[in-house]
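# Secondary and tertiary structure notes
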4 protein chains.
Amino acid sequence: MIKVAQLGAGRMGAIHARNAAAHPRLGLVGLVDPRPDVAGPLATELGATPMTFEAVLADPDIRGVIVASSTDAHLDNALSALRAGKIVFCEKPLDLDLARLLAASGELEQAEGKLFVAFNRRFDPHYRALKARIESGEIGALESLHIINHDPATPPPAFIPTSGGLFKDFTIHDFDLAPWLMGEKPVQVFAWASCLIDPEIGRLGDVDTAKVVLTTASGRLCMISNSRRSGYGYDQRIEAFGSKGAVRVDNLTNTAVSVWGETGAQADRFPYAFIDRYAGAYAAEMDHFADVLAGKTAPEAGFAASVASLELAEAAARSAATGAPVRL
Amino acid sequence: MIKVAQLGAGRMGAIHARNAAAHPRLGLVGLVDPRPDVAGPLATELGATPMTFEAVLADPDIRGVIVASSTDAHLDNALSALRAGKIVFCEKPLDLDLARLLAASGELEQAEGKLFVAFNRRFDPHYRALKARIESGEIGALESLHIINHDPATPPPAFIPTSGGLFKDFTIHDFDLAPWLMGEKPVQVFAWASCLIDPEIGRLGDVDTAKVVLTTASGRLCMISNSRRSGYGYDQRIEAFGSKGAVRVDNLTNTAVSVWGETGAQADRFPYAFIDRYAGAYAAEMDHFADVLAGKTAPEAGFAASVASLELAEAAARSAATGAPVRL
Amino acid sequence: MIKVAQLGAGRMGAIHARNAAAHPRLGLVGLVDPRPDVAGPLATELGATPMTFEAVLADPDIRGVIVASSTDAHLDNALSALRAGKIVFCEKPLDLDLARLLAASGELEQAEGKLFVAFNRRFDPHYRALKARIESGEIGALESLHIINHDPATPPPAFIPTSGGLFKDFTIHDFDLAPWLMGEKPVQVFAWASCLIDPEIGRLGDVDTAKVVLTTASGRLCMISNSRRSGYGYDQRIEAFGSKGAVRVDNLTNTAVSVWGETGAQADRFPYAFIDRYAGAYAAEMDHFADVLAGKTAPEAGFAASVASLELAEAAARSAATGAPVRL
Amino acid sequence: MIKVAQLGAGRMGAIHARNAAAHPRLGLVGLVDPRPDVAGPLATELGATPMTFEAVLADPDIRGVIVASSTDAHLDNALSALRAGKIVFCEKPLDLDLARLLAASGELEQAEGKLFVAFNRRFDPHYRALKARIESGEIGALESLHIINHDPATPPPAFIPTSGGLFKDFTIHDFDLAPWLMGEKPVQVFAWASCLIDPEIGRLGDVDTAKVVLTTASGRLCMISNSRRSGYGYDQRIEAFGSKGAVRVDNLTNTAVSVWGETGAQADRFPYAFIDRYAGAYAAEMDHFADVLAGKTAPEAGFAASVASLELAEAAARSAATGAPVRL
């Protein structure tokens, strides 16, 4: 058992802590959260000890640290843990501010093999199968990628000001997936965004609906569709078009049950939100962290992936603001 | 243009008459129906002349006769037309009474190449594709066949006494399809039937729900499910299981439109009834009749198929009545 | 029977001529084509008479003229027929040159009720059902539209120079559908296009792959994906996203047959090309022409729709050439 | 943590032991298996101690015993554990011999609240949702049930003599599900079985293909289709037909990935076998056992369900042997 501790016991924290506790090769020994009423029950449930971050850093038996604190603390927490010689699992994003991230580049590049930034969608078994089939060549040379990423319902307005905006908070997943699946970095971004859903989001300076076109040096094209509210659940689809055919990931349904009635055949609902849809991905990324801790593999994503996706997000925001494509 | 005339301008008659009139190689010249208010408008619509049956039989230019009169007149009408040297398209069934049919066997066997009994489902493009794929060997040796044949809504009670009962009126389609698809005649029938839907049907001595198992000499098994009322439209599915896999025909939908909403993904309705579901089959059987008239092919089904399916229907009725399998 | 004549007996001409001949309320009396070996057999098949265009124009009994001549003759032929008092069915496009079209605007606006330009996709029963369901309000207010329009295989290079280019030849369908479905005209076009498939197309100055984003005054967004070669057949899908849900048209399959084998469940192929996929739409547009001829309805599309879609196509071409969005 | 021990570390044993070890409320402390090379590695993996059955029975801290020994030892093991005051999870079947089972009825009826016989399919989330929707009344009164239960590949011939035969070994699942879903016990069984797949199975006196029709007192009908080899994976489907519509569970696929190529649209494979298809059900039944141990619920199935399904299996075997329906 490799001992790990975790910072943060909020919504994402609870997911990661439970996955760490249930993992056969990991032992979750410490849980750090400034809110004792939040940390306590989760620690009890999982047989972990509430600790201070300092105690975690000072304990040489704790080899891994899972950073699931508030977004604005991710980078500092991760750096502290790295400096203490820990291997770090950091919930995405590493930081929302590209300049701040680049300012730490020296230290973070050094730590590249020790820092895993958890872009969960890369671990979804459906997307992994998609990537494998693209790479198998069965659709020939890849030409286009279409990503549909629609949330079921708008976030509470209070979340908007600290979110980084639609592109950094939400499209960031697509900006990470697109080069990962295309095998090539985008060189141009065109984004068109509107506030069509919740005027309060617009008043706070953000958008809720966007269409993005990425292009790569070799001419590949990626279309991304984002919406903060679908009305029918979490819409998570990807289609890859190649010279010989297409391969796609469709939406899942909660069960394989359907009903045939007077109004037609009705399938079960799509998983409502990311917690349901990506439960397998969260478990798989913890398994990946166990492999990183065991020295079996390098982190799937770290500083470089954080910078790359953030650059695309900032370029998209500039494109949406100016109405013109942005070259990278 | 090959000249044809038709007997009967009712619901099925209108389908066949319109298909004959629209066929590029057929000319529908005469329409026979004792009800002038029924025959007249259809004749006008299609540019045909209302005629007596005698006049049709006497006209040497009329080479084909389509029999779409009332069921109890089918056999007499077909025989009259055959005696007059016509090529005959007879709406199924040729007759509901096996003994009467066998009594005419001498004359009907003689006419085998001139009598087409229109078992419409053999002409459905989906079932034809199914048969071709079974025969292609891609699922290996055929072992089992499952037929779902559920009507959307019960017929009016007045229809029941003249219908011949569920097995002769409705399952007859499955009794024709099963040997056609399996390439082998059944040697045993077990049928279990209930009156679960409309007690009036039970009072009239009929059933509305049945499950039938057919077995062939080589051990192949066919399961048939019948219901007079589905609640969701016309359910018309067939699955064939072989040593290497399965091939199946699923239900069609009215359009390729679906809606994603709060309660899940909803496909469009299934075609509501046979007129919609088998429109293509009705057109294809008229095209087949044109080929028979042109001497290009022998009739797909005639006296022998009529007898074979009726024998299965009568055996099923005996099995359901006695609760025991019936060997043929 | 309303008498009509047709110009052009090529591939599209044969489709329209057969639909006109089969229509219960139309009589195809004349067929005009300078190539006697092309016009003759089709005229014989359909019982029509080969005629000159002059004879058609001079015959007062011929009330409708179907223009299915070569694209560059469409406008002249349509104008001649209109001047002779005919009602005109013109295969799209009315013309590929926006300036030429606008030069005839005086005459064409006068004729608006007498000129039907056959944008076939508006007559597809699936798209009509889609439009009806958008308008029914069941998905709430429409926000986004996604159109996938991929051809199965590249056209012969010889076709490219006269085609008008991808946007005028192929995307034109989407430029017509988008405002029709959104109920609002686009005010901006961004198009990114590449030559990814056939370098010969690039050498001829055209592109074969494009992604287009249209935006309307109210902020609605439409994404279009075009490809000249899919590798899997004709990909014709539309998705409409609204405030309460989504409604979509999926691809059709040739039959409802699927095969389950060692490698998974395989559905039947998509219809290979437009002739198969839109057979119902071609028949429906001829039925619409019969209604126009009978004075029952105004033409679904004419000069205004031709101009509107061509303006979008030209704007898209400019956007793709400059890399910047074009405002209309 | 409630302490449990397990007998048997074979294929099914490993599944149950891993689920017990991973369960947050259960502690797997002991593992009993006469084969040290089998028990040892699994015990090490799960942090359990290899023990003798006697030591398990003697340890008052061990409250629950999971019986996953060889089938012929299930009944004796379960009885021993019950006598020692344990709560028992017994892998199905409790026994293959109805007479033996009934001989122990006094003791087993006493233990009904303490004995859970793990009919896994009742815990499948898809089937549970199916049952809930049948019971919700949305399809009206239930009339028919169709169960497709096809194994991907025949078992090794050596398994056949100890398997109990197709009906007791395989159809037993359907005999348990049918009354559970219909809410009513069958009163008649008709079974037709063949050896179509592997002649070696026939030489050993067993069959590999069967169709079964069950009928209930109220007239409900259930059709079951069994095959020892599908050629395309594990086929596990159920359809329930009611007075207002139908509700069904379709096959799952390994991922939501599909490929569109020249030969059509191909979905991913079905889960190959029970270990994959019912992984969720196995976890859910261990969770149910935790609830039984905690006194929160009575066992979902025990002695009575074991007898009921075995009676149906024996009746089906008699029906298949005699060719006549068997009344219960």
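Residues numbered from 1 in each chain as written. Chains lettered and ligands numbered in written order. Predicted model: local features only at pLDDT ≥ 70, side-chain atom pairs only at ≥ 80, totals over all residues.

Let us look at the overall build of chain A. Each helix and strand in chain A was counted, giving 14 helices and 15 strands. The C-alpha atoms of chain A give 20 Å as radius of gyration, which agrees with the globular expectation for 328 residues (20 Å, within 12%). Nonlocal contacts in chain A, meaning residues at least 24 apart in sequence, comprise 69% of its contacts between residues at least 6 apart. (Helix = DSSP H or I, 4+ residues; strand = E, 2+ residues; numbered from the N terminus. Rg over C-alpha atoms; globule rule 2.2 N^0.38 Å. Contact = placed C-beta atoms within 7 Å.)

Let us look at the domain arrangement of chain A. Here chain A is partitioned into domain 1 (2-91) and domain 2 (122-282 + 308-327). Between the C-alpha centres of domain 1 of chain A and domain 2 of chain A the distance comes to 30 Å. (Domains from an automatic or database assignment.)

Here the focus is the confidence of the model for chain A. For chain A, per-residue confidence averages 96 on the pLDDT scale, and 100% of positions sit at 70 or higher. For this predicted complex, the interface confidence reaches an ipTM of 0.94, while the overall pTM sits at 0.95. (pLDDT = per-residue confidence, 0-100.)

Here the focus is the relation of the copies chain C and chain A. Mapping chain C onto chain A leaves a residual RMSD of 0.0 Å; the transformation is a rotation of 180° accompanied by 0.0 Å of translation along its axis. In the structure described here, the two chain copies are related by an operation that fits a two-fold rotation axis. Relative to the rotation axis, the C-alpha of C:Ala324 is the closest in chain C, positioned 3.0 Å from it. (Least-squares fit on C-alpha atoms with pLDDT ≥ 70 in both.)

Turning to the interface of chain C and chain A, a few remarks are in order. Residue-level contacts link 28 residues of chain C with 28 residues of chain A. For the side of chain C that touches chain A, the secondary structure elements donating two or more residues are β7 (142-150), β8 (186-194), β9 (209-216), β10 (221-227) and β11 (235-242) of chain C. Across the side of chain C that touches chain A, the residue classes tally to 11 nonpolar, 14 polar and three charged. (Nonpolar A, V, L, I, M, F, W, Y, C, P; charged D, E, K, R; others polar.)

Attention now moves to the pairing of strand β10 (residues 221-227) of chain B. Residues and elements named next belong to chain B. Buried residues dominate β10, accounting for seven of its seven residues. With seven bridges joining them, strand β7 (residues 142-150) and β10 adopt parallel strand pairing. Its bridge partner lying in β10, Ser-144 is registered against Leu-221. The loop that links strand β9 (residues 209-216) with its antiparallel partner β10 comprises four residues; one of these, Gly-219, has a positive phi angle of about 100°. (Buried ≥ 20, exposed ≤ 12 C-beta atoms within 10 Å, placed from the backbone. Pairing = 2+ DSSP bridges.)

Mapping chain A onto chain D leaves a residual RMSD of 0.1 Å; the transformation is a rotation of 180° accompanied by 0.1 Å of translation along its axis. By residue overlap, the copies meet face to face through one surface: 100% of the interface positions of chain A are interface positions in chain D.

Note the cis peptide between B:Lys92 and B:Pro93, where omega equals -5°. By the element assignment, B:Pro93 lies in the loop between β5 (87-91) and α5 (98-103).

On to the environment of C:Arg121, then. Relative to the helices and strands, C:Arg121 is located in the loop between β6 (115-118) and α7 (125-135). In this structure C:Arg121 touches C:Tyr127, C:His173, C:Leu177, C:Tyr278 and C:Ala281, once residues within four positions along its chain are discounted.

Glancing now at the environment of A:Gly47. Looking at the secondary structure, you find A:Gly47 in the loop between α2 (36-46) and β3 (49-50). Put simply, A:Gly47 and A:His126 are 79 residues apart on the chain and 32 Å apart in space, counted from C-alpha to C-alpha.

As a further point, take the sheet that holds strand β1 (residues 2-7) of chain A. Residues and elements named next belong to chain A. Spatially, β3-β2-β1-β4-β5-β6 is the arrangement adopted by the six strands of the open sheet, whose pairing is parallel. Whereas interior strands pair on both sides, the edge strands pair on one side only; in this sheet they are β3 and β6 (115-118). Alignment of strand β5 (residues 87-91) against β6, held across four bridges, turns out to be parallel. Within β6, the position partnered with Cys-90 by the bridge is Val-117.

This part is about helix α4 (residues 74-83) of chain B. Residues and elements named next belong to chain B. For α4, the full list of buried residues reads His-74, Leu-75, Asn-77, Ala-78 and Ala-81. Around the axis of α4, the buried residues are gathered within 165° of arc, so they sit on the same side. Those residues of α4 that are buried are in contact with β1 (2-7), α3 (53-58), β4 (62-67), β5, α5 and β6 (115-118). The first or second residue beyond α4 is Gly-85, which carries a positive phi of 85°. (Arc of directions from axis to C-beta.)

Attention now moves to the interface of chain A and chain D. Listed by partner, the interface residues are 22 residues for chain A and 22 residues for chain D. Secondary-structure elements contributing two or more residues to the side of chain A that touches chain D are α7 (125-135), β12 (246-249) and β13 (257-261) of chain A. The residue makeup of the side of chain A that touches chain D, split by class, is 12 nonpolar, five polar and five charged. Where β13(A) meets strand β12 (residues 246-249) of chain D, four bridges bridge the pair, whose relative direction is antiparallel. In the strand pairing of β12(D), A:Val259 is matched with D:Val247.

Residue and element names in this part refer to chain A. For α2, the set of buried residues is Ala-39, Leu-42 and Ala-43. For α2, the angular spread of the buried residues around the axis is 105°, confining them to a single face. Opposite the packed face of α2, turned more than 90 degrees from it, sit the exposed residues Asp-37, Pro-41 and Thr-44. Tucked into the core, α2 has its buried residues touching α1 (11-22), β2 (26-32) and β3. Of the residues trailing α2, Gly-47 is marked for its positive phi of about 70°.

Residues and elements named next belong to chain B. Among the eight residues that make up β9, eight are buried, leaving the element largely enclosed by the rest of the structure. Neither face of β9 is left uncovered, since the one carrying Thr-209, Lys-211, Val-213 and Thr-215 and the one carrying Ala-210, Val-212, Leu-214 and Thr-216 both have all their residues buried. Strand direction decides the pairing type here: strand β8 (residues 186-194) and β9, joined by eight bridges, are antiparallel. Among the inter-strand pairings, Pro-186 is bridged to a residue of β9, identified as Thr-216. Of the pairings in the sheet, the one linking β9 to β10 comprises seven bridges and is antiparallel in character. Paired with Lys-211 across the bridge in β10 is Ser-225.

Before going further, it helps to examine the environment of A:Gly233. Its place among the elements puts A:Gly233 in the loop between β10 (221-227) and β11 (235-242). Among all residues touching A:Gly233, those that are not within four sequence positions of it are A:Pro152, A:Arg269, A:Phe270, A:Pro271 and A:Tyr272.

Residues and elements named next belong to chain D. One open sheet holds the six strands; their spatial order is β3-β2-β1-β4-β5-β6, and the pairing between them is parallel. Two strands lie at the open edges of the sheet, namely β3 (49-50) and β6 (115-118), each paired on one side alone. Inspection of the sheet shows strand β2 (residues 26-32) paired to β3 by two bridges, in the parallel sense. What sits directly across from Leu-31, in β3, is Pro-50.

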